[in-house]
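# What the coordinates show
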Amino acid sequence: SQTIHQWPATLVQPVGSPLSLECTVEGTSNPNLYWYRQAAGRGLQLLFYSVGIGQISSEVPQNLSASRPQDRQFILSSKKLLLSDSGFYLCALYTGVEQYFGPGTRLTVT
Amino acid sequence: ELKVEQNPLFLSMQEGKNYTIYCNYSTTSDRLYWYRQDPGKSLESLFVLLSNGAVKQEGRLMASLDTKARLSTLHITAAVHDLSATYFCAAEQGNLIFGKGTKLSVKP
């Protein structure tokens, strides 16, 4: 079965600082991978998805970027964080039948 | 463009009562998903409904899909406190499109 790891679990960063969130998956190969953001008390916003190494599709224009350097690794980055970047960041993978979510990273921008 | 609407957005129930959460979607979708989210936690997959008339049950939760009406329901039977959580439905059109979620609170 698939396992999704996200690192770090929580993060507090000042405005203007850089960001790097990591997602790694096990138990599957060549998965579709996704980054979602959930603002406090809100629904899910799809940020990026990837169907393979080096292939990134952006759903929302913003100061975030994503990369997929390896088949089972998906990274979310920012050069300069904004207050509005605070939220719960979820990595997900799609098996062809179901979409599973990782444990999430809670980011607070101060 | 596929849009997904859930109602109600907030639901306060008494233990032992039954209730239904509704999920409407605007255009054809291949599949319908239901997820549960506990406070501060990630999303847990509950059901995947693949075809018209599909019905799935797990414990006190039962989900159904009517593709002609573009409607899925999540029925809660004899609610217990442990079911308190936020429930999301999502329809698939390439990627998953999520509803805003229904925050369920079950009170003794």
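All values reported here derive from a predicted model rather than from experimental measurement.

Across the boundary between the two partners, chain B contributes 16 residues, which contact 20 residues of chain A. Summed over both sides, the interface between chain B and chain A buries roughly 1300 Å², with carbon and sulfur atoms accounting for 52% of that surface. Three residues, Ser 42, Asn 95 and Phe 98 of chain B, lead the burial of chain B against chain A; their summed loss comes to 33% of the area buried on that side. At the boundary of chain B and chain A, one finds 0 salt bridges.

Once that is clear, we can look at the layout of surface pockets. Space inside the largest pocket adds up to approximately 1200 Å³. In terms of lining residues, the largest pocket is bounded by 46 residues, among which Arg 42, Gly 43 and Leu 44 of chain A together with Phe 88 and Lys 100 of chain B are the most central. For the lining of the largest pocket, the secondary structure elements donating two or more residues are strand 4 (32-38), strand 5 (44-52), strand 9 (87-94) and strand 11 (105-109) of chain A together with strand 9 (85-93), strand 10 (95-98) and strand 11 (102-107) of chain B. Here the lining of the largest pocket is composed, by residue class, of 19 nonpolar, 17 polar and 10 charged.

Residue and element names in this part refer to chain A. In space, the 4 strands of this open sheet follow the order 1-3-8-7, with antiparallel pairing throughout. Here the strands that pair on one side only, and so sit at the sheet edges, are strand 1 (3-7) and strand 7 (64-70). Strand-to-strand, the axes of this sheet are offset by a mean angle of 20°, without reference to chain direction. For strand 1 and strand 3 (residues 19-26), the ladder comprises 5 bridges, and the chain directions are antiparallel. Within strand 3, the position partnered with His 5 by the bridge is Thr 24.

Calculation criteria
For every chain, the first residue of the written sequence is number 1, and numbering continues from 1 along that sequence. Labels follow written order: the first chain is A, the first ligand is 1, and so on. Two thresholds apply to this predicted model, a pLDDT of at least 70 for residue-level local features and 80 or more for giving and counting side-chain atom pairs, whereas whole-chain, interface and lining totals are computed over all residues. The basis for the side-chain values is all heavy atoms of the structure; hydrogens and waters are excluded. Contact criterion: two residues are considered in contact whenever any of their non-hydrogen atoms come within 4.5 Å of each other. Two parts placed together each lose some accessible area under a 1.4 Å probe, and adding up what both lose gives the buried area. Salt bridges are defined by distance alone: a side-chain nitrogen of Lys or Arg within 4 Å of a carboxyl oxygen of Asp or Glu. Every definition here rests on a 1 Å grid over the protein atoms only: cavities are sets of points where a 1.4 Å probe fits but cannot get out, pockets are open sets enclosed by protein on both sides within 12 Å along at least five of seven lines, and lining residues have some atom within 4 Å of a point. Grid points are joined across faces, edges and corners, and a volume is the space filled by probe spheres set on the points. Here a strand is any run of E in DSSP of at least two residues, a helix any run of H or I of at least four, and the numbering for each starts at the N terminus. For this classification, Asp, Glu, Lys and Arg are treated as charged, while Ala, Val, Leu, Ile, Met, Phe, Trp, Tyr, Cys and Pro are nonpolar and the rest, including Gly, are polar. Here, a strand pair is defined by DSSP locating no fewer than two bridges between the strands. The axes are straight lines fitted to the C-alpha atoms, using for helices just the contacting stretch, and the angles between their N-to-C directions are given from 0 to 180°.

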